[in-house]
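Summary of structural features
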Amino acid sequence: MKEFIQDFRMVCKSCGKDIDCSRRYVISQLVHPFEVEGVMDGWYFEATCPSCGTVHEFDIPVSYCDEKNGYMVFSCADCDRLYKAFLRDYTDNQNVNERFMFTYPDLVAFRLVKNKEQLVEKMKINYADLDDRVIEAIKWEISQITNDLFEGPITLWFETYNDDEILLETRIPYESDLEIRGATCHIPMDFYDGLKACMDREIDAPLRYEIDQDFAQWFFDQVKPDEKLRLQKLGKHAFDAARMNR
Ligand SMILES: [Zn+2]
């Protein structure tokens, strides 16, 4: 198998010396569990200066595949162009097997992401065996509810889950721009289940690869008015029940 390694050089912002780095740009759940863990923990996107020891963060496109669950996340900085290129290849049947040299007969979900934050979130959702389309819908609904409560839009992202709750991390803007607080929002699993059921019923596997807040908005536009109202009620209920821990 080709190694798919990218070598690059950074300049240390503290001492000006070169830092040479080497990272895979495709990691596999089966073949590279160490790197997969590194991405989810964050250290895969860090480099330590050999001269002065300063740790620097960086962002490079790293793609991920989970062969067992047929889930693949393709990272790129220019989604539109690559999306079209991929779509062309996919429909021409020169599919990911060839492109990434993995045996990949059971591709269930293919995702495009634009940065490491999106990649890490997708990987954590996949690891938790949850549906990222539903998570995006939850984030959308909660941000609609909270729009009136805070000074600006809040940022939400999936962190983890337990038996009856999904834990979203948030950044909440306060009066001053300088003051942005974090909180953990506990979403009851009922809301996830309700949305999932609706999604399975309402949309038949659309060919969409960018599953983000635009997707969530699109999804709620598809939903019939009475169903939408029901989901909004569920969302409100979920939000009232949600505990925001600071
Ligand atoms: Zn240095």
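**Focus: the sheet that holds strand S8 (residues 109-113)**
Here 4 strands make up an open sheet; going across it, the order is S3-S6-S7-S8 and the pairing mixed. Of all the strands in the sheet, just strand S3 (26-28) and S8 have a single pairing partner and so form its edges. Taking the axes of each pair of neighbouring strands and ignoring which way they run, one obtains an average angle of 15° across the sheet. Judged from the 3 bridges that link them, strand S6 (residues 63-66) and strand S7 (residues 71-75) form a sheet pairing that is antiparallel. Note on S7: the bridge partner recorded for cysteine 65 is methionine 72. Those strands touched by helix H4 (residues 116-127) are S6, S7 and S8, and its axis lies near 175° from that of S7.

**Some thoughts on the packing of helix H5 (residues 132-146) against helix H7 (residues 213-222)**
Packing of H5 against H7 brings their axes to within 8 Å, and their N-to-C directions diverge by 80°. Here H7 runs roughly perpendicular to H5, going by the angle between their axes. Each of Arg133, Glu136, Ala137, Lys139 and Trp140 in H5 lies in contact with H7, whose residues at this interface are Gln213, Phe215, Ala216, Gln217, Phe219 and Phe220. Taken together, the residues of the contact of H5 with H7 break down into 6 nonpolar, 2 polar and 3 charged.

**Structural notes on the confidence of the model for the protein**
Reading fine detail from the predicted coordinates is not recommended where pLDDT is low. Confidence in the prediction of the protein, expressed as mean pLDDT, is 81, and 78% of residues score 70 or more. Averaged over each element, pLDDT in the protein is lowest for helix H3 (residues 96-100) (46) and highest for strand S4 (residues 46-48) (96). For the stretch residues 91-98, pLDDT sits under 50, and the model shows 9 contacts to residues farther than four places along the chain or on other chains.

**Comments concerning the environment of lysine 122**
Structurally, the position occupied by lysine 122 is in helix H4. On the neighbour-count criterion, lysine 122 (23 C-beta atoms within 10 Å) is buried. For the pair lysine 122 and tryptophan 157, spaced 35 residues apart in the sequence, the C-alpha separation amounts to 9.9 Å.

**Digging into the nonpolar core**
Grouped together as the largest cluster of nonpolar side chains are 25 residues, with contacts concentrated most on Ala137, Ile138, Ile187, Tyr192 and Leu195. Secondary structure elements with two or more residues in this core: H5, strand S9 (155-161), strand S10 (165-173), strand S11 (180-188), helix H6 (189-202), H7 and helix H8 (225-241). Discounting residues that sit within four places of it in the chain, tyrosine 192 has contacts with Val134, Ile138, Ile166 and Ile187. Formed by 19 residues, the second largest nonpolar core is a distinct cluster that contains Tyr64, Cys65, Met72 and Tyr209.

**Observations concerning the pairing of S6**
Bridge count between S3 and S6: 3 bridges; the pairing is parallel. When the sheet's bridge partners are listed, valine 26 is paired in S6 with serine 63. Where S6 hands over to S7, the hairpin turn is made up of 4 residues, of which glycine 70 adopts a positive phi near 65°.

**Looking at H6**
Helix length check: H6, at 14 residues, gives a terminal C-alpha distance of 20 Å against a target of 20 Å (1.5 Å per residue), a fit within 8%. Every buried residue belonging to H6 is among Phe191, Tyr192, Leu195 and Cys198, and all of these are buried. The buried side chains of H6 occupy one side of the element, clustering within an arc of 135° when seen end-on. Exposed residues pointing more than 90 degrees away from the buried face of H6 are listed as Asp193, Ala197 and Arg201.

Cut-offs used in this document
Residues numbered from 1 in each chain as written. Predicted model: local features only at pLDDT ≥ 70, side-chain atom pairs only at ≥ 80, totals over all residues. Pairing = 2+ DSSP bridges. Helix = DSSP H or I, 4+ residues; strand = E, 2+ residues; numbered from the N terminus. Axes fitted to C-alpha atoms, helices over the stretch in contact; angles between N-to-C directions. Contact = placed C-beta atoms within 7 Å. Parallel < 35°, antiparallel > 145°, perpendicular 65-115°, else oblique. Nonpolar A, V, L, I, M, F, W, Y, C, P; charged D, E, K, R; others polar. pLDDT = per-residue confidence, 0-100. Buried ≥ 20, exposed ≤ 12 C-beta atoms within 10 Å, placed from the backbone. Core = buried A, V, L, I, M, F, W, Y, C linked by C-beta atoms within 7 Å. Expected span 1.5 Å × (residues − 1). Arc of directions from axis to C-beta.

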